[in-house]
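Notes for the structure review
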Amino acid sequence: KKPKPEVEETAEPENSGKGRWGANLVSFRQDWYAKSKAEEFAQRGISVVIVPVEVKGETWYRLRAGGFANRTEANNYAAKAKRTLNLTSVWVTPD
């Protein structure tokens with residue numbers, strides 16, 4: 001039996017300042033679980049990529065939808081994803 005995943009939804013986003021925007025939906029400590037959730041999200045119409053990030057010396061696997069032209073588009077998508085997936089916390093950052 002696989003261990004219950006630990007969910008982290010409040011990590012500080014990284015700001016690369018490239019000018020394009022993305023919506024960070026949720027992060028997990030286990031890569032296998034992040035992959036499973038990404039597939040589930042895709043089946044529900046929310047396409048994401050898995051981005052490994054370091055938070056306090058640990059690797060987390062962040063599910064992110066990116067490539068939005070501006071913050072407004074990213075915020076609109078984030079709100080849709082939050083409703084569709086019943087998430088408690090999403091945040092928008094530059095890609």
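In this report, we go over the structure that sits alongside the text. If you're wondering where the values come from, they're calculated on a predicted model, not measured in any experiment.

Basis of the calculations
- Residues numbered from 1 in each chain as written.
- Predicted model: local features only at pLDDT ≥ 70, side-chain atom pairs only at ≥ 80, totals over all residues.
- Heavy atoms only, no water.
- Helix = DSSP H or I, 4+ residues; strand = E, 2+ residues; numbered from the N terminus.
- Expected span 1.5 Å × (residues − 1).
- Buried < 20%, exposed > 50% of the residue type's maximum accessible area, 1.4 Å probe, protein only.
- Arc of directions from axis to C-beta.
- Phe/Tyr/Trp six-rings, centres within 6.5 Å; stacked < 30°, edge-to-face > 60°.
- Core = buried A, V, L, I, M, F, W, Y, C linked by side-chain atoms within 4.5 Å.
- Contact = heavy atoms within 4.5 Å.
- Salt bridge = Lys/Arg side-chain N within 4 Å of Asp/Glu carboxyl O.
- Pairing = 2+ DSSP bridges.

Attention now goes to helix α2 (residues 71–85). Taking 1.5 Å as the rise per residue, α2 with 15 residues should run 21 Å; its terminal C-alpha atoms sit 21 Å apart, in good agreement. Three or more residues of α2 are buried, namely Ala 74, Tyr 77, Ala 78, Ala 81 and Leu 85. For α2, the angular spread of buried residues about the axis comes to 105°, placing them on one side. Away from its buried face by more than 90 degrees, α2 exposes Thr 72, Asn 76 and Arg 83.

Considering all chains together, one arrives at 3 aromatic pairs under this definition. A ring pair is formed by Phe 28 and Tyr 33, whose centres lie 5.0 Å apart and whose planes are at 80°; its orientation type is edge-to-face. Judged by centre distance (5.5 Å) and plane angle (85°), the rings of Trp 32 and Tyr 33 are edge-to-face. Through a chain of ring-to-ring contacts, the aromatic side chains of Phe 28, Trp 32 and Tyr 33 assemble into a single cluster.

Right, let's talk about the nonpolar core for a bit. In terms of nonpolar packing, the biggest core is built from 20 residues, with Leu 25, Phe 41, Ile 46, Val 48, Leu 63, Phe 68 and Leu 85 touching the most fellow members. For this core, the secondary-structure elements that each account for two or more residues are β2 (21–28), α1 (31–43), β4 (58–68) and α2. If sequence neighbours within four positions are ignored, Phe 41 has contacts with Leu 25, Val 26, Ile 46, Val 48, Leu 63, Leu 85 and Leu 87.

This brings us to the pattern of salt bridges. What the rule picks out here adds up to 4 salt bridges. Across the pair Arg 44 and Glu 40 runs a salt bridge, and its minimum N-O distance is 3.9 Å. Ionic pairing is found between Arg 64 and Asp 95, a salt bridge with its closest N-O pair at 2.3 Å. Of this pair, Arg 64 sits in strand β4 while Asp 95 is found in the segment after β5 (91–94), placing the two residues 31 residues apart along the sequence.

This part is about the pairing of strand β3 (residues 49–55). Taken together, the 7 bridges between β3 and β4 define a ladder with antiparallel strand orientation. Residue Val 51 lies in a different strand from β4, and its bridge partner there is Arg 62.

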